[in-house]
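Architecture and fold: a report
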Amino acid sequence: MAEQKYIMGNYAITRGAVEAGVRVVAGYPGTPATEILEGFTEYPHVHAQWSNNEKVALEVATGASLANVRSMAVMKHNGANVCTDMLMHLNFTGVSGGMVLVSADDPGGLSSQNEEDSRILVHTYANLPVFDPSNALEAKQMVKEAYELSEKTQMCFVLRPVMRVCHSRSDIPFEDCLEPEAAARWEDDRERYIMSAVEVRQMGGIKRPQARHRWLNQKYREIVDIFEESPFNHIEPGDGNTGLIGCGMGYTYVKEAARDFDRTYPVMKLNTLPVPERKVLSFIQGKMRVIVFEEIEPVVENLIKQLCNDHHLQVEVLGRSGFYASDGELTAQVVSDTVRRADPELRLRNEVPDIPLGIDVPVRTRTQCVGCAHRAMLYSVKRVARKYKGIVFGDIGCHDAGSFKPLELQSTIYCMGSSIPMATGAHFAGEKRPVFSIIGDSTFFHMGVNGLINAAYQNARQVIVLADNGTTAMTGFQPHAGSGVNLQGQPAHKVDIKGLGESLGVHVHTVDPYDLESTRETLGKAVEEDGVSLVVVSAPCLLTASRKGEQPFEKRRVEVDGEKCTGCMVCVNEFGCPALVFDAGGEKVHVDELSCVQCGLCAQVCLQGAIS
Amino acid sequence: MKKDIAIVGVGGQGTLFAANVLCQYAMARGHQVLGTETIGAAQRGGSVISHMRISDQPIYSPLIPKHRADVLLGLEALELLRNVKVLNPGGFYILNRFCVPTVYSNLGIDRYPSMEEIVTALKRVVKKGYEIPATQKAAELGNAQMTNVVMLGALTKIDDFFEYSDIRKLVEEMSPPKFLKNNMACFEAGYSLL
C-alpha cells in the first residue's frame with residue numbers, strides 16, 4: 001500500500017506532478033498557489049524556479065514542453081492575467097511534452113486584490129481544457145491524468161484549484177514516481193511553433209492563425225468526447241425532478257449540505273471543462289430544474305443553458321448568475337438555503353436556530369506587523385507627501401495596508417507594477433501636485449521595472465519609493481532576483497538596484513527606514529529634484545530576519561510617560577503600530593508589552609517626547 | 001465518531017501550529033482528518049480561522065458548516081465572538097482572556113466591547129464555555145507567542161477525546177528545539193489553569 005502523508009493541498013499538487021515525471025516547473029508566488037512550487041525543493045531532480053513574473057514562468061514551461069519534457073507553470077488568478085498573451089499563443093500551437101498550467105483561484109478574495117474566475121480566461125477565452133478539483137487528492141489525480149491527456153492531445157491542460165483545495169490539509173497517498181526521460185529532445189515543428197501571418201500551402205493558402213484556430217476548435221471537440229468518460233465527472237441517482245450539479249469545491253458543499261436534507265436529490269459531479277455534453281444531457285433530461293453550484297462565476301451554468309438551448313430542452317437552469325449570490329465563497333449554508341428556495345418542500349434535519357449575539361462585532365483589518373520597516377517607510381512618506389501635497393500611487397505587497405486606516409496614504413492599489421505608470425500618467429495629465437509611487441522589490445522585478453524604464457525614458461518627474469525588504473513577504477518570504485538566493489536557497493546573482501537606476505539616468509538614493517529623520521530628509525530632497533527619483537528604502541523583512549536570529553534595528557524597550565502624553569494620538573493616527581493602545585477612558589496611550597518588539601520607532605514618532 | 005474543531009485568533013498568534021498538533025493526533029488514532037486555514041494577507045494582523053474536521057465517515061467540505069463545530073478555541077476574545085456561530089449548541093469554547101484592539105477601535109471609530117460584554121454575548125449563544133488567561137500565562141513563562149500551547153494544554157483537561165499524554169508528546173515532537181522547554185511548561189500550565 002502506498003505511504004500516506006498528511007499534507008497541504010498544494011503539496012499534493014506538487015506530488016502529483018513529481019509522480020508524473022515533471023522535469024521543469026516555473027511560477028511566481030501568489031496566495032493560494034505559492035506552496036506548490038516551494039514543494040519541489042523536496043525533489044532536487046526537478047528544475048523548479050521562481051521566475052520574475054507569471055508570463056516568464058509560462059514561457060519557461062512552454063520552452064521545456066517543446067523540448068519534449070513534462071513541465072508545469074504555477075500561479076494565482078492574477079498571474080494568469082499577466083500571461084494571457086502567451087496563453088493565447090500556446091493554445092494555438094499546442095505543446096509537445098505534457099504541460100500543465102496551475103491557476104489557483106481565491107473565492108471571496110481572502111488574500112487577493114480582486115475576485116476572479118480563472119476558468120473564463122483559460123477555458124472560455126483560450127479554449128484550454130480545465131480540471132476543477134473537489135479536494136487535494138483529486139487535484140493530485142487530475143495532475144497525473146492531465147499529463148497523460150496533454151501528450152495524447154497536444155493541448156496544455158489547466159488545473160484550477162480554489163483556495164479551499166490549496167490550503168486544505170488531508171491524508172494523501174504517495175505513489176511511485178515516473179522516471180523523467182534522460183534528456184530533452186527538441187524537434188522543429190514550424191507548422192505549429194511559428195505563430196505568424198504566413199500562408200499555409202497545404203490548406204489552400206489560409207493564414208497560419210486561422211489554420212491553428214481551426215486545429216484548436218477540432219481539439220476542443222475531441223476533448224469533449226474524452227471527458228464523456230472522465231472519472232472526474234459522475235452521476236449519483238436520486239428522487240424528484242430537481243437535480244443538483246456540483247463543480248469542484250461546489251460538489252463538496254452539495255454533499256455536505258445533503259447530510260441534513262430529508263430527501264435524496266440526483267447529483268451530478270462536473271469537474272471538467274469542456275463539460276461532457278452527452279453525460280450532462282442524460283442528467284438534465286426529464287428534470288424540471290437543475291441548480292449548479294460552482295465557485296465564482298456561472299461558467300458551467302452558462303454552458304448548460306446553451307446546451308439546453310441547442311437541444312430545445314425546457315429545463316430551468318439556476319446558479320451563480322443570480323439565483324444565489326454572484327459573488328463570494330460558496331458554503332454548505334449557501335447550498336442548503338438555495339436548494340430550499342428552489343424546492344420549498346425540502347425539510348432540514350438538525351436545524352439550529354440563529355440566536356442574535358446582541359452586540360456589534362467590530363471588523364478587524366490587517367496591517368503591518370509590529371516593528372515592520374514598511375510602517376516606518378509609510379510614516380515617512382506620509383509626512384513628506386503631506387508637506388508637498390503629493391499624490392501617492394500604491395502597489396501590491398504588505399505595504400498596501402498603508403492605504404487603509406489609519407494611514408490612508410496610497411490613493412490607488414491596482415495590479416502588480418501599476419504604481420509607477422499611473423504616477424507617470426497623472427504627471428503628464430498636468431497634475432500640479434508632485435506624484436509618488438510605492439512599490440516593493442519583488443513587485444518591482446515582476447513588472448515594476450517596465451514602468452521605471454518608461455518613466456525614465458519619458459522623464460516623468462516623480463518620486464519612486466522602492467520598499468526593498470529582500471523577499472516576497474506577503475506570500476510567505478519567497479526569494480526573488482534581488483534576494484541573492486534562488487528557490488533552493490543556493491547563491492544567485494543579485495540585481496544591483498542602485499546600478500540599475502543609475503544606468504537608466506534617474507536619481508538614486510538609499511536610506512534605512514528605521515532612521516525616520518534621514519528618510520524624511522532624503523524624500524524631501526527627492527521631491528525637489530527634476531526628473532525621476534528612485535529612493536531605495538532598504539531593511540530586511542522583520543519576520544525573515546527574526547527567523548535567522550537577526551534584528552534590523554537596535555532593540556530598545558519603550559514606555560509612555562503618562563505625565564507627558566497629551567493624548568494627541570499622532571502615534572495612533574499617523575503611525576498606527578498595533579502595540580500602541582489608546583485607552584479611551586484615560587485619554588492616554590500605553591505600550592502593550594505582550595506585542596511590542598522594541599523597535600523604538602514610536603519614540604521617534606512621539607511629538608511630546610512622552611515615549612522613551 | 002466526529003469532532004469538528006475551529007481555532008480562531010489574530011494573524012501571527014499560532015493557530016496553525018495548534019491545528020497541526022490536533023490533526024496529527026487524530027490521524028495517529030486512525031481517524032480521517034480534513035482541515036483548512038487562513039494563509040496570506042490575512043495573516044498580517046487580520047482575523048484568522050483554522051477548521052479541523054475529524055471523523056470516521058467521509059468528510060467532504062474542509063469548512064465546518066455553521067452550528068456544527070464541537071470545539072472552538074479563541075486565542076483572542078473578539079475573534080471568538082465573531083466566530084461563535086460555528087459552534088453547535090452542545091459544543092464548548094475556550095476563551096483566552098486577551099484582547100487585540102482593532103485599527104478602528106484604536107481610532108475611536110468602533111468600540112471594542114469589554115470582556116464582560118463579550119462573555120455575556122457568548123453565553124447567550126452557547127451554554128458551555130471556559131475562560132483562561134493563556135497569553136498572560138505564556139508571557140510569564142517566557143513568550144506570549146506560546147499562547148497556542150497553553151490553549152492546547154487546557155483543551156486536554158476539558159475534553160477526554162484529547163489525551164493529555166499523547167498531545168503532550170506531539171507538542172514535544174513538533175516544537176522547534178529552541179522553544180521546546182518553554183512550550184512544555186506552557187502546555188502543563190494550560191492543563192492546570194482549568
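For the structure itself, look to the data block above.
Read on for an overview of the structure. (Residues numbered from 1 in each chain as written. Chains lettered and ligands numbered in written order. Predicted model: local features only at pLDDT ≥ 70, side-chain atom pairs only at ≥ 80, totals over all residues. Heavy atoms only, no water.)

Focus on the overall build of chain A
If you tally the helices and strands in chain A, you get 22 helices and 23 strands. Compactness check: chain A gives a C-alpha radius of gyration of 27 Å against a globular reference of 25 Å for 612 residues, within 12% of the reference. For chain A, the spread of C-alpha atoms along the three principal axes comes to 80 × 70 × 55 Å. Counting across all 612 residues of chain A, residues that qualify as buried make up 59%. Considering only contacts within chain A whose residues lie at least 6 apart along the sequence, 76% involve residues at least 24 apart. For chain A, the accessible surface area stands at approximately 24400 Å², while carbon and sulfur atoms represent 50% of it. (Helix = DSSP H or I, 4+ residues; strand = E, 2+ residues; numbered from the N terminus. Rg over C-alpha atoms; globule rule 2.2 N^0.38 Å. Buried < 20%, exposed > 50% of the residue type's maximum accessible area, 1.4 Å probe, protein only. Contact = heavy atoms within 4.5 Å. Areas by Shrake-Rupley, 256 points an atom, 1.4 Å probe, with all protein chains shown as cover.)

As for the overall build of chain B
If you tally the helices and strands in chain B, you get eight helices and six strands. For chain B, the C-alpha radius of gyration of 16 Å lies close to 16 Å, the compact-globule estimate for 194 residues. In terms of overall dimensions, chain B has a C-alpha envelope of 50 × 40 × 35 Å along the principal axes. Scored against the burial criterion, the 194 residues of chain B give a buried share of 61%. Intrachain contacts of chain B at a sequence separation of at least 6 include 64% that bridge at least 24 residues. Across chain B, the mean location of the 21 positive side-chain charges is 3 Å away from that of the 18 negative side-chain charges. (Lys, Arg positive; Asp, Glu negative; His and termini not counted. Charge placed at Lys NZ, Arg CZ, Asp CG, Glu CD.)

Regarding the sheet that holds strand β2 (residues 32–37) of chain B
Spatially, eight strands are ordered β1(A)-β8(A)-β2(B)-β3(B)-β1(B)-β4(B)-β5(B)-β6(B) in an open sheet, and the strand pairing comes out mixed. This sheet does not close on itself; its edge strands, each paired only once, are β1 (3–8) of chain A together with β6 (128–132) of chain B. This sheet shows a mean twist of 20° between the axes of neighbouring strands, independent of strand direction. Two elements, strand β1 (residues 2–10) of chain B and strand β4 (residues 69–74) of chain B, share four bridges in a ladder whose sense is parallel. Considered in β4 of chain B, the bridge of Val8 of chain B is made with Gly74 of chain B. (Pairing = 2+ DSSP bridges. Axes fitted to C-alpha atoms, helices over the stretch in contact; angles between N-to-C directions.)

Details of the environment of Tyr11 of chain A
Residues and elements named next belong to chain A. Here Tyr11 is to be found in helix α1 (residues 9–19). With 217 residues separating them in the primary sequence, Tyr11 and Glu228 have C-alpha atoms 29 Å apart. Each residue touching Tyr11, except ones within four places of it in the same chain, is listed here: Glu35 and Gly39.

Topic: the nonpolar core
Of all hydrophobic cores here, the largest spans 105 residues; its most connected members are Phe40, Met72 and Ile304 of chain A. For this core, the element with the most residues is helix α7 (residues 136–153) of chain A, which contributes seven residues. Those residues in contact with Met72 of chain A that sit more than four places away from it in its chain are Ile13, Ala17, Val22, Val24, Val25, Ala26, Phe40, Ala61, Val100, Val102, Val143 and Tyr147 of chain A. Judged by nonpolar contacts, the second largest core, of 38 residues, contains Cys23, Met52, Ile94 and Met146 of chain B. (Core = buried A, V, L, I, M, F, W, Y, C linked by side-chain atoms within 4.5 Å.)

Some thoughts on the interface of chain A and chain B
In this assembly, 59 residues from chain A lie in contact with 57 residues from chain B. On the chain A side of the interface with chain B, the three residues burying the most area are Tyr6, Leu357 and Arg364 of chain A, jointly 17% of the side's total. The tally of links between chain A and chain B comes to six salt bridges. Residues Asp260 of chain A and Arg68 of chain B are paired through a salt bridge, measuring 2.7 Å at the closest nitrogen-oxygen approach. (Buried area = accessible area lost by both parts, 1.4 Å probe. Salt bridge = Lys/Arg side-chain N within 4 Å of Asp/Glu carboxyl O.)

Describing a negative patch on the surface
All names here are of chain A. Residues Asp512, Asp515, Glu517 and Glu521 make up a contiguous surface patch of negative charge. The topology assignment puts Asp512 in the loop between β20 (507–511) and α19 (516–528). The exposure class assigned to Asp512 is partly exposed, which follows from its relative accessible area of 36%. (Patch = residues over 30% accessible without salt bridge, like charges linked within 9 Å, V, L, I, M, F, W, Y side chains within 5 Å.)

With respect to the pattern of salt bridges
One side chain can pair with another of opposite charge once the charged atoms of both are near each other. Residues and elements named next belong to chain A. One pass over the full model with this rule turns up 55 salt bridges over all chains. With a shortest N-O distance of 3.8 Å, Arg289 and Glu316 are connected by a salt bridge. Residue Arg289 is found in strand β15 (residues 289–293), and its partner Glu316 is found in strand β16 (residues 316–318); the two are separated by 27 residues along the sequence. On the accessibility criterion, Arg289 (12% relative accessible area) is buried. A salt bridge links Glu408 to Lys405; its shortest N-O distance comes to 3.5 Å. On the basis of relative accessibility, which here comes to 26%, the residue Lys405 falls in the partly exposed class.

What to know about the environment of Val95 of chain A
Mapped onto the elements, Val95 of chain A comes out in the loop between α5 (84–93) and β5 (99–104). Those residues within four positions of Val95 of chain A in sequence are excluded, and the remaining contacts are Ser65, Leu66, Leu90, Ser150, Gln154, Met155, Cys156 and Arg192 of chain A.

Digging into the state of the cysteines
One pass over the structure, following the stated rule, counts zero disulfides over all chains. Cys599 of chain A supplies the cysteine sulfur nearest to Cys577 of chain A, a cysteine that is in no disulfide, at a spacing of 6.1 Å. (Disulfide = S-S within 2.5 Å.)

Regarding the sheet that holds strand β21 (residues 532–538) of chain A
Strand-to-strand pairing in sheets goes through backbone hydrogen bonds, with the strands running parallel or antiparallel. All names here are of chain A. One open sheet accounts for five strands, arranged β17-β18-β19-β21-β20; its pairing is parallel. Both outer strands of the open sheet, β17 (391–393) and β20, are each paired with one neighbouring strand and no more. Taking the axes of each pair of neighbouring strands and ignoring which way they run, one obtains an average angle of 20° across the sheet. This element, α19, spans β18 (435–440), β19 (462–468), β20 and β21 of the sheet and lies at about 170° to β20.

Focus on unusual backbone geometry
Residue and element names in this part refer to chain A. The omega torsion across Leu273 and Pro274 is 0°, close enough to zero to call that bond cis. Here the residue pair Lys405 and Pro406 is connected by a cis peptide bond, since its omega of 5° sits within 30 degrees of zero. Tracing the backbone through its elements, the reader meets Pro406 in the loop between β17 and α16 (419–428). The phi torsion at Asn68 lies on the positive side, around 70°, for a residue other than glycine. With respect to the helices, strands and loops of the structure, Asn68 is situated in the loop between α3 (54–66) and β4 (71–76). The phi angle at Asn459 is positive, at roughly 50°, despite the residue not being glycine. Along the chain, the position of Asn459 falls in the loop between α17 (441–458) and β19.

Describing helix α7 (residues 164–174) of chain B
All names here are of chain B. Taken as a whole, α7 has its buried residues at Ile167, Leu170 and Val171. The arc that holds every buried residue of α7, seen down its axis, measures 100°, which confines them to one face. Across α7 from its buried face, at more than 90 degrees, point the exposed residues Lys169 and Glu173. Looking at the packing, one finds that the buried side of α7 touches α1 (15–28), α6 (147–158) and α8 (180–193). (Arc of directions from axis to C-beta.)

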